[in-house]
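Coordinates in review
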Amino acid sequence: MLDLKFIRENIGLVRENIKNKNESTQVDSILELDEKRRKVIQEVESLKNIRNVVSKEIAELKKNKQDADDKIASMKDVSDKIKLLDEELRLIEAEIEQVVLRIPNMTGPDVPVGKSAADNKIVRQWGNPKIQAIKKNHIEIARNLDIIDFERGGKVSGSGFAFYKGKGAKLERALINFMIDFHTDNHGYTELLPPFLVNRNSMLGTGQLPKMAEDMYHATEDDMFLIPTAEVPLTNFHSDEMLSTPDLPIKYCGYSPCFRREAGSYGKDVRGFLRVHQFNKVEMVNFVRPEDSWQRLEDLTNEAEDIVKALGLHYRLLLLCSGDTSFSSSMTYDIEVWSPGEENWLEVSSCSNFTDFQARRANIRFRPEPSAKPEFVHTLNGSGLATSRIMVALLETYLNEDGSVSVPSCLVPYTGFDKI
RNA sequence: GGAGAGGUGGCAGAGUGGUUGAAUGUGGCGGUCUCGAAAACCGUUGUGCGGGUAACUGCACCGAGGGUUCGAAUCCCUCCUUCUCCGCCA
């Protein structure tokens, strides 16, 4: 979330940012509420001061075995007033919190203002599009090879779920292991294998709640949520902590399945693996000093790109415009790989700088100097990568004319076979 | 799920309802001593929110949230969590 002081002093910028991000949060009530809040604080605190002073006098009188009944009686009234004002303050602050939690992060200085995906900026492209001899999409390829079973996924769970089978399952595991090893061996990451269910507080910490509540699978009995991305447990790993400064930057990567309800999306763009309710992803999360976060975003993005290059997939890098930049993010790069079967770009990674937005929500701090005040760290994360759409691009890119699919050489040590 | 015992500063660990933001130890920082270091000694050392240009000052915080009281780290209730034991289960 944003700092209340920042909102107070920059209300115009905050309004403009909300508009640029295509959000509709109403912030008009904030200034008035904030003023009311400070007025009540001053009132109640001066009463509490009286109470504290008189209580000491009462203690003194009692110690000397003197009568304190008058003072005690007069304090009764003060105490009642304090209770009323405290309650009023609590309500005001709850109201402020409800608004502040719904205000999106400020976009960074380099983010182009724009409405939709059409306004995103293409930063660079790598590789060349593969031309298939006979056009086939991943669903046909997978069905022919009997490596993915969408029908039984639908029967057992519902549409948007699938079974990986035989070499398909092994290829999926190979992708996950390859990507984790790549990050830990080449980029200095520490692996975390996180819980897949998290509590409400964690979902608030990274900003999925309250805004995205409808997209979450919610276990109501225990008020727990299936994670939509490993970003949630990996970032909240350090919630409510004071990070040891020499340890920064901290870099974690981790595999998890990701669960998304994707409420209300059906049709051509969602068939097969293009949009599913459960997919696998390796996520990278960084905790850095504030002055380092913009450079780290560039480096983090490169780390994700390195994986796509290793897999030999044609891709492009996009800088998202304000309207496409997510609620919690300040600036986001998307990596999209080319799907020869769909003849379309598929998002496989999103790399974002969240500045201090998540750190303030999740209370993750560090001390810049040993004697200095604690500050919020900056958090970043990037997919590295989401496997289901990578699988689409792999099958369609490495399809041979005889219907078999070759395995990219970097994966062969993990699969034990070079062809499906 | 049941029974019991805990949760106090960076860490360890005291704390009879009334100068307790909190003893003591330890760690950190500064200093004395030293060529330098160690030891010893002295000093200092939490966070958040208000007010003030500032020096400074008020309030809150002892797992979380309520309650009792003129006054709560201390008493009561609910919840979370850790440990020990029992039960159930993969």
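Structure: see above.
Notes on the structure follow. (Residues numbered from 1 in each chain as written. Chains lettered and ligands numbered in written order. Predicted model: local features only at pLDDT ≥ 70, side-chain atom pairs only at ≥ 80, totals over all residues. Heavy atoms only, no water.)

Here's the deal with the overall build of chain A
Assigned secondary structure in chain A consists of 13 helices and 16 strands. With the principal axes as the frame, chain A shows a C-alpha extent of 100 × 45 × 40 Å. Per-residue burial for chain A yields a buried fraction of 50% across its 420 residues. Look at the contacts in chain A between residues 6 or more apart in sequence, and 74% of them connect residues 24 or more apart. Element-wise, carbon and sulfur atoms account for 49% of the exposed surface of chain A, whose accessible area totals about 20,600 Å². Counting 54 positive and 65 negative side-chain charges, chain A places the averaged centre of each group 2 Å from the other. (Helix = DSSP H or I, 4+ residues; strand = E, 2+ residues; numbered from the N terminus. Buried < 20%, exposed > 50% of the residue type's maximum accessible area, 1.4 Å probe, protein only. Contact = heavy atoms within 4.5 Å. Areas by Shrake-Rupley, 256 points an atom, 1.4 Å probe, with all protein chains shown as cover. Lys, Arg positive; Asp, Glu negative; His and termini not counted. Charge placed at Lys NZ, Arg CZ, Asp CG, Glu CD.)

Quick notes on the sheet that holds strand 7 (residues 224-226)
Strand order in the open sheet made by the 3 strands is 5-7-6, with antiparallel pairing throughout. A strand with exactly one partner marks an edge of an open sheet, and here the two such strands are strand 5 (197-199) and strand 6 (218-219). (Pairing = 2+ DSSP bridges.)

Describing the packing of aromatic side chains
If you walk through the whole model with that rule in mind, you get 8 aromatic pairs. Ring centres of F178 and Y414 lie 6.1 Å apart, and the angle between their planes is 75 degrees; on these two criteria the pair is classed as edge-to-face. In this pair, F178 is assigned in helix 7 (residues 167-186) and Y414 in helix 13 (residues 412-415), connecting sequence segments 236 residues apart. Here F178 falls in the buried class, since its relative accessible area comes to 7%. Ring plane angle 80 degrees and centroid distance 5.7 Å describe the contact between F327 and F357, whose orientation is recorded as edge-to-face. (Phe/Tyr/Trp six-rings, centres within 6.5 Å; stacked < 30°, edge-to-face > 60°.)

Regarding helix 7
Over its 20 residues, helix 7 runs 27 Å from end to end, which matches the ideal 28 Å to within 8%, given 1.5 Å per residue. Within the span of helix 7, buried status applies to G168, L171, E172, A174, L175, I176, F178, M179, I180, F182 and H183. Of the residues flanking the end of helix 7, it is G188, one or two places downstream, whose phi is positive at about 70 degrees. (Expected span 1.5 Å × (residues − 1).)

A few points about the protein's contact with RNA strand B
With respect to spatial proximity, 24 residues lie near RNA strand B, and among them R37, E45, N49, K76 and S79 are the closest. Considering RNA strand B, the proportion of its atoms within 4 Å of the protein that are sugar or phosphate atoms stands at 72%. A distance of 3.1 Å is found between a phosphate oxygen of RNA strand B and a side-chain nitrogen or oxygen belonging to K76. In the model, a phosphate oxygen of RNA strand B is placed 2.5 Å from a nitrogen or oxygen of the S79 side chain. Only helix 3 (28-63) and helix 4 (69-100) provide two or more residues apiece to the surface near RNA strand B. Residue contributions to the surface near RNA strand B peak at 13 residues, all from helix 3. Split into classes, the residues belonging to the surface near RNA strand B amount to 6 nonpolar, 5 polar and 13 charged. (Near = heavy atom within 4 Å. Polar contact = N/O pair within 3.5 Å; in protein donor to acceptor, adjacent residues only side chain to side chain. Nonpolar A, V, L, I, M, F, W, Y, C, P; charged D, E, K, R; others polar.)

Points about the pattern of salt bridges
Overall, the coordinates contain 22 salt bridges when judged by the stated rule. A salt bridge links D86 to K48; the nearest nitrogen and oxygen atoms lie 3.4 Å apart. Of the two residues, D86 is situated in helix 4 and K48 in helix 3; the sequence distance between them amounts to 38 residues. On the accessibility criterion, D86 (30% relative accessible area) is partly exposed. Here the salt bridges share partners, and the residues they tie into one network are R8, D34, R37, R38 and E93. (Salt bridge = Lys/Arg side-chain N within 4 Å of Asp/Glu carboxyl O.)

Comments concerning unusual backbone geometry
Here L209 and P210 are connected by a cis peptide whose omega angle stands at 5 degrees. With an omega of 0 degrees, the peptide bond between G384 and L385 qualifies as cis. Locating L385 in the fold gives a position in strand 16 (residues 378-386). Phi at D146 takes a positive value of approximately 55 degrees, unusual for a residue other than glycine. Tracing the chain through its elements places D146 in the loop between helix 5 (138-145) and strand 2 (148-149).

Remarks on the sheet that holds strand 9 (residues 250-259)
Strand pairs in the sheet, formed through backbone hydrogen bonds, run parallel or antiparallel to each other. Within the open sheet, the 8 strands sit side by side as 1-11-12-13-16-10-9-4. Their pairing is mixed. The strands lining the two open edges of the sheet, one partner per strand, are strand 1 (121-126) and strand 4 (190-191). Sheet topology note: the strand 11 (residues 315-319)/strand 12 (residues 331-339) ladder contains 5 bridges and is antiparallel. Bridge assignment links Y315 to a residue of strand 12, and that residue is V337.

Some remarks on helix 12 (residues 387-397)
One turn of an α-helix holds 3.6 residues; hence residues three or four places apart share an orientation. The element helix 12 is largely enclosed, with a buried count of 11 among its 11 residues. Burial in helix 12 covers these residues: T387, S388, R389, I390, M391, V392, A393, L394, L395, E396 and T397.

Things to note about the side chain of S352
Structurally, S352 can be placed in strand 13 (residues 344-353). Residue classification places S352 among the buried residues on the basis of a relative accessible area of 5%. Among the polar contacts listed, one links the side chain of S352 to the side chain of T332, at a separation of 2.8 Å. Not counting chain neighbours up to four residues away, the residues in contact with S352 comprise L297, S329, M331, T332, T379, L380 and N381.

Brief notes about the environment of K83
Structurally, the position occupied by K83 is in helix 4. Judged by its relative accessible area of 58%, K83 is exposed. Separated by 39 residues in the primary sequence, K83 and V44 have C-alpha atoms spaced 8.9 Å apart.

Overview of the packing of helix 3 against helix 4
The description of two packed helices rests on the angle between their axes and on the distance between the axes. Where helix 3 contacts helix 4, the two axes come as close as 8 Å, and the packing angle between them is 150 degrees. By the angle class used here, helix 3 and helix 4 are roughly antiparallel. As for the relative orientation of helix 3 and helix 4, their crossing is left-handed in sense. In terms of residue class, the contact of helix 3 with helix 4 is made up of 20 nonpolar, 1 polar and 14 charged. (Axes fitted to C-alpha atoms, helices over the stretch in contact; angles between N-to-C directions. Parallel < 35°, antiparallel > 145°, perpendicular 65-115°, else oblique. Left-handed = near helix turned anticlockwise from the far one by under 90°.)

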